[in-house]
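Single-letter residue listing:
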Amino acid sequence: MITNKKVTLIVTGSVAVYKSLHLVRLLKKANNDVRVVMTEAATKFVQPLAFETLSKNRVLDDSFEPENPSEVKHIDIADSSDVVIVAPATADILAKIANGIADNMASTILLATTAPTFIVPAMNSHMYDNPATQRNLQTIREDGDHILEPDTGFLAEGYSGKGRMPEPEKIVDWVSSEIEPNDQLLLGKKIIVSAGGTREPIDPVRYITNHSSGKMGFAVAKAAADAGAEVTIVAANTSLPTPAGVKIVPVSTAVELADEITSRFPNADGLVMAAAVADFRPKNVADHKIKKQADQDTMTIELEKNPDIVKQIAANKRSDQFVVGFAAETNDLVENAQKKIASKKLDLIVANDVSGKGVGFNSDNNQVTFIFADGHQQKTPVESKQTIANELVKIIGEF
Ligand code: CTP
């Protein structure tokens with residue numbers, strides 16, 4: 001159940017606006033703080049006062065004047081929302097979302113928010129079926145927002161068709177099932193999560209490493225533990241707090257990581273390999289600090305290959321075990337990740353564009369594409385690593 005969240009409800013101009021009043025009541029009843037944003041067209045169907053009375057918050061519309069001019073209201077709302085719901089969503093707002101148009105309060109918030117966004121289209125069935133609307137819906141879906149199919153039934157136009165806004169109870173159930181924690185989903189399962197970045201020593205003071213902070217792996221561990229699993233994190237050089245109930249095994253190098261995972265995996269139900277592993281390590285590790293020579297301009301370190309841990313584990317796994325890998329890419333994300341899932345024989349790969357601003361390494365947010373062994377894909381919006389971890393656990397729960 002969606003509860004204790006900051007919900008921004010964007011209401012656009014459709015006759016279905018009246019149903020959104022009940023949606024506000026349901027969200028409030030479940031202890032959510034609801035902020036309603038209305039387009040001008042929406043205010044023609046229902047007065048903002050009705051939404052204000054039910055939400056107990058001031059409605060934001062295009063006539064809104066900030067009480068505090070130093071506050072950028074649309075950004076403030078976009079940033080502080082846990083969840084954004086657009087219900088009803090007209091063909092017009094869909095076109096704006098699909099094309100990144102920000103020309104009123106509602107569309108600006110939608111462009112600015114990084115919160116998971118749930119869109120409930122409601123319109124005339126011919127408008128819904130129009131190729132332009134279908135194209136926009138496809139784009140929005142690919143961009144990672146969640147879309148609820150309209151119901152089929154009697155429309156305000158006097159004929160039957162697909163375009164009716166589903167009942168508010170159904171909308172609340174749908175949003176809840178997408179965001180709610182995975183209670184007991186992994187009860188009784190033993191899961192190993194690797195996290196962090198390996199360090200490959202060059203000498204006693206230097207090493208080769210990468211930018212991984214371990215945040216994604218720790219979020220997965222927390223999500224799995226919250227879902228009832230017995231979780232062990234094999235953590236390579238992390239300094240994050242250990243999630244409640246999770247066991248930590250610290251390691252440093254790829255070989256240590258490989259040893260710990262290999263010895264533990266036979267007793268586990270699955271592995272989530274979120275650690276960033278150095279593919280190579282210095283062939284000879286000096287036992288003293290390497291000194292530079294006075295006339296030295298270059299230096300060569302010979303590297304040798306580290307084991308591909310996840311590949312080895314997946315090659316030897318039992319049929320009742322699963323192995324999930326990550327793919328950190330800076331280009332050709334899906335293509336490269338598809339090659340990895342095939343060559344490493346994984347059940348799932350979480351493909352991660354680490355070149356984007358505000359996502360990936362060290363960030364609290366991420367945007368990933370889940371790629372399944374059968375080739376189908378599921379792209380998330382930019383959302384917190386914890387939300388993505390919860391979604392991953394939901395998928396694992398179905399293995
Ligand atoms: N991985 C591993 N052992 C390695 C290298 C990677 O187990 N020696 C795992 C990672 O933990 C991740 C997946 O393989 O789950 C993909 O890692 P990534 O670094 O994206 O790819 P690589 O296989 O190393 O390929 P490349 O560096 O060429 O992109």
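Below is a summary of the structure that appears in this document.

Conventions and cut-offs
Residues numbered from 1 in each chain as written. Predicted model: local features only at pLDDT ≥ 70, side-chain atom pairs only at ≥ 80, totals over all residues. Heavy atoms only, no water. Patch = residues over 30% accessible without salt bridge, like charges linked within 9 Å, V, L, I, M, F, W, Y side chains within 5 Å. Areas by Shrake-Rupley, 256 points an atom, 1.4 Å probe, with all protein chains shown as cover. Salt bridge = Lys/Arg side-chain N within 4 Å of Asp/Glu carboxyl O. Helix = DSSP H or I, 4+ residues; strand = E, 2+ residues; numbered from the N terminus. Buried < 20%, exposed > 50% of the residue type's maximum accessible area, 1.4 Å probe, protein only. Pairing = 2+ DSSP bridges. Near = heavy atom within 4 Å. Polar contact = N/O pair within 3.5 Å; in protein donor to acceptor, adjacent residues only side chain to side chain. 1 Å grid on protein atoms, 1.4 Å probe; cavity = no way out; pocket = protein on both sides within 12 Å on 5 of 7 lines; lining within 4 Å. Sits in = over half its atoms within 2 Å of the grid points. Nonpolar A, V, L, I, M, F, W, Y, C, P; charged D, E, K, R; others polar. Expected span 1.5 Å × (residues − 1). Contact = heavy atoms within 4.5 Å.

### Considering a nonpolar patch on the surface
On the surface, a cluster of nonpolar side chains totalling about 350 Å² of accessible area is made up of Phe280, Met299, Ile301 and Leu303. Mapping Met299 onto the fold places it in the loop between β14 (280–282) and β15 (303–305). Note on Met299: relative accessible area 49%, which makes it partly exposed.

### As for the pairing of strand β7 (residues 160–164)
Relative to β7, strand β6 (residues 151–154) runs antiparallel, the two being bridged by 4 bridges. Paired with Gly153 across the strands is Gly161, a residue of β7. Taken together, β6 and the strand that follows it, β7, pair antiparallel across an intervening segment of 5 residues, in which Gly158 is found at a positive phi of about 100°.

### A short note on the pairing of strand β16 (residues 322–329)
Regular strands show a simple pattern: their side chains alternate between the two faces of the sheet. Where burial is concerned, most of β16 is hidden: 7 out of the 8 residues are buried. For strand β13 (residues 270–273) and β16, the ladder comprises 4 bridges, and the chain directions are parallel. Each residue of the ladder has a partner; that of Val272, found in β16, is Val324. Inspection of the sheet shows β16 paired to strand β17 (residues 348–353) by 6 bridges, in the parallel sense.

### Focus: the site of the ligand
In the vicinity of the ligand there are 14 residues, among which Ala275, Val310, Phe326, Lys340 and Lys344 approach most closely. Contacts to the ligand include Ile309, whose backbone N or O atom sits 3.1 Å from a nitrogen atom. Here an oxygen atom of the ligand and a backbone polar atom of Phe326 are 2.9 Å apart. Taken by itself the ligand offers 570 Å² of open surface, and the protein chains cover 76% of this. The cavity that encloses the ligand is the largest pocket. No other element matches β16, which puts 4 residues into the shell around the ligand. By residue class, the composition of the shell around the ligand is 9 nonpolar, 1 polar and 4 charged.

### Focus: helix α1 (residues 17–29)
For α1, built from 13 residues, the straight-helix expectation of 18 Å at 1.5 Å per residue is met to within 8% by its first-to-last C-alpha distance of 19 Å. Looking only at α1, the buried set comprises Val17, Lys19, Ser20, Leu21, Leu23, Val24, Leu26 and Leu27. Taken from the residues just after α1, Asn31 is the one with a positive phi, measuring 70°.

### Describing the side chain of Thr198
Relative to the helices and strands, Thr198 is located in the loop between β8 (190–196) and β9 (200–203). Residue classification places Thr198 among the buried positions, given a relative accessible area of 0%. Among the polar contacts listed, one links the side chain of Thr198 to the side chain of Glu200, at a separation of 3.1 Å. At a separation of 2.9 Å, a polar atom in the side chain of Thr198 contacts the main-chain amide nitrogen of Ala278. Beyond its immediate sequence surroundings of up to four residues, Thr198 is in contact with Ile208, Thr209, Asn210, Ala236, Asn237, Ser252, Thr253, Ala254, Leu257, Ala276, Val277 and Ala278.

### Quick look at unusual backbone geometry
In this model, Ala87 is joined to Pro88 through a cis peptide bond whose omega is -5°. With respect to the helices and strands, Pro88 occurs in strand β3 (residues 83–89). Positioned with a positive phi, Asn4 is a non-glycine residue whose angle comes to about 55°. Counting through the fold element by element, Asn4 comes out in the segment before β1 (6–11). A positive phi angle is found at Lys345, which is not glycine, with a value near 55°. Position of Lys345 among the secondary structure elements: in the loop between α13 (333–344) and β17. The class of Lys345 is exposed, set by a relative accessible area of 60%.

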